[in-house]
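Structural overview
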Amino acid sequence: MYPPTTSTMRIDRIEPSRRRKDRVLVFLEGGDLLRVTEQELLVFGLRPGLELPEQLLAQVEQSAKRSEMKARGARLTGSRMLSKKQVMEHLTRKGGDRELAEDTAQWLEELGAVDESAYAAAIARHYAAMGYGPGRVRQELQHRGVPRELWDEALDHAADSADQIDRFLTAKLRGRAPEEAEKRRLTSALLRRGFAWGDIRAAWGRLGAEIREE
């Protein structure tokens, strides 16, 4: 018996892509096309005339997918801060391989392009500056996929809740004594902004007013 034959593909020519500077086009005899990067050319020694067995061809294709996903991840994190979860969501949104996306997110974190602690602190400062309390900040951190163990540290970067509530009430009241209906309305507004009931009640006490929990 003869050993099973393994089909091969011969490289016809190699050209740089006209659309993407980071991409190289590898034309195979028979009309197939590989889109790779300079990384694959160097690692696999790709050149015109080279025979690519099926196994090697599969390795080249997988490496090219990995390189492409890393390039996409670098572009994403080069323009804005993201959590690892957000990076993975972007990379898999159009059917991208989840395992490659996880590897890419980890690679970006190791490079420092993804820094979830710094990202969490930036989110906390941003929403605190907009007048929102710890509850709303936690909602945003959860929504953006920031690990829960980073939340408390992030909130340390936010403004003090007591100061925020005092400023809010002072701006709304402008020195006048509020009626009960207005106290309830302002209290509800602060609760919606993510401030804790105990902190709101304490703020009313500093103003010489009381608020009852309904």
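Located above this text is the structure these notes cover.
**Structural notes on unusual backbone geometry**
- We note that Arg-174 has phi near 55 degrees; this positive angle belongs to a residue other than glycine.
- Relative to the assigned elements, Arg-174 resides in the loop between helix H8 (161–173) and helix H9 (180–192).
- Take Arg-174: its relative accessible area is 75%, and that puts it in the exposed class.

**Re the nonpolar core**
- Residues Val-137, Leu-141 and Val-146 are the most contacted members of the largest nonpolar core, which totals 15 residues.
- The set of elements that each furnish at least two residues to this core consists of helix H5 (116–129), helix H6 (134–143) and helix H7 (151–155).
- Among the elements that line this core, the one with the most residues is H5, at 6 residues.
- If sequence neighbours within four positions are ignored, Val-146 has contacts with Ser-83, Glu-116, Tyr-119, Ala-120, Leu-141 and Trp-151.

**Overview of the packing of helix H2 (residues 54–79) against helix H3 (residues 84–92)**
- Put simply, H2 and H3 touch, their axes get as near as 10 Å, and they point 125 degrees apart. Considering the angle they form, H2 stands oblique to H3. Seen along the crossing, H2 lies across H3 with a hand that is right-handed. On the side of H2, the interface is formed by Met-69, Arg-72, Gly-73, Leu-76 and Thr-77, while H3 contributes Val-87, His-90 and Leu-91.

**Structural notes on the pairing of strand E1 (residues 8–16)**
- Bridge count between E1 and strand E4 (residues 51–53): 3 bridges; the pairing is antiparallel. Paired with Arg-10 across the two strands is Glu-51, which belongs to E4.
- Across 5 bridges, E1 lies against strand E2 (residues 24–28) in antiparallel orientation. In the sheet register, Arg-13 faces E2, and the bridge partner there is Phe-27.

**Looking at the pairing of E2**
- Along E2, 5 of the 5 residues are buried, which leaves the element largely enclosed by surrounding structure.
- Along E2, one buried face is formed by Val-24, Val-26 and Leu-28 and the opposite face, lined by Leu-25 and Phe-27, is buried too.
- Across 4 bridges, E2 lies against strand E3 (residues 33–36) in antiparallel orientation. Looking at E3, one finds that Leu-25 is bridged to Arg-35.

**Quick word on the packing of H2 against helix H4 (residues 98–111)**
- Between H2 and H4, the shortest axis-to-axis distance is 9 Å and the interhelical angle comes to 50 degrees. Taken together, H2 and H4 sit at an angle that is classed as oblique. Along this stretch, H2 crosses H4, giving a crossing that reads as right-handed. Here Gln-62, Lys-65, Arg-66, Met-69, Lys-70, Gly-73, Ala-74 and Thr-77 of H2 come into contact with H4, specifically with Leu-100, Ala-101, Thr-104, Trp-107 and Leu-108.
- Here the contact of H2 with H4 is built from residues that sort into 6 nonpolar, 4 polar and 3 charged.

Criteria and cut-off values
- Residues numbered from 1 in each chain as written.
- Predicted model: local features only at pLDDT ≥ 70, side-chain atom pairs only at ≥ 80, totals over all residues.
- Heavy atoms only, no water.
- Helix = DSSP H or I, 4+ residues; strand = E, 2+ residues; numbered from the N terminus.
- Buried < 20%, exposed > 50% of the residue type's maximum accessible area, 1.4 Å probe, protein only.
- Core = buried A, V, L, I, M, F, W, Y, C linked by side-chain atoms within 4.5 Å.
- Contact = heavy atoms within 4.5 Å.
- Axes fitted to C-alpha atoms, helices over the stretch in contact; angles between N-to-C directions.
- Parallel < 35°, antiparallel > 145°, perpendicular 65-115°, else oblique.
- Left-handed = near helix turned anticlockwise from the far one by under 90°.
- Pairing = 2+ DSSP bridges.
- Nonpolar A, V, L, I, M, F, W, Y, C, P; charged D, E, K, R; others polar.

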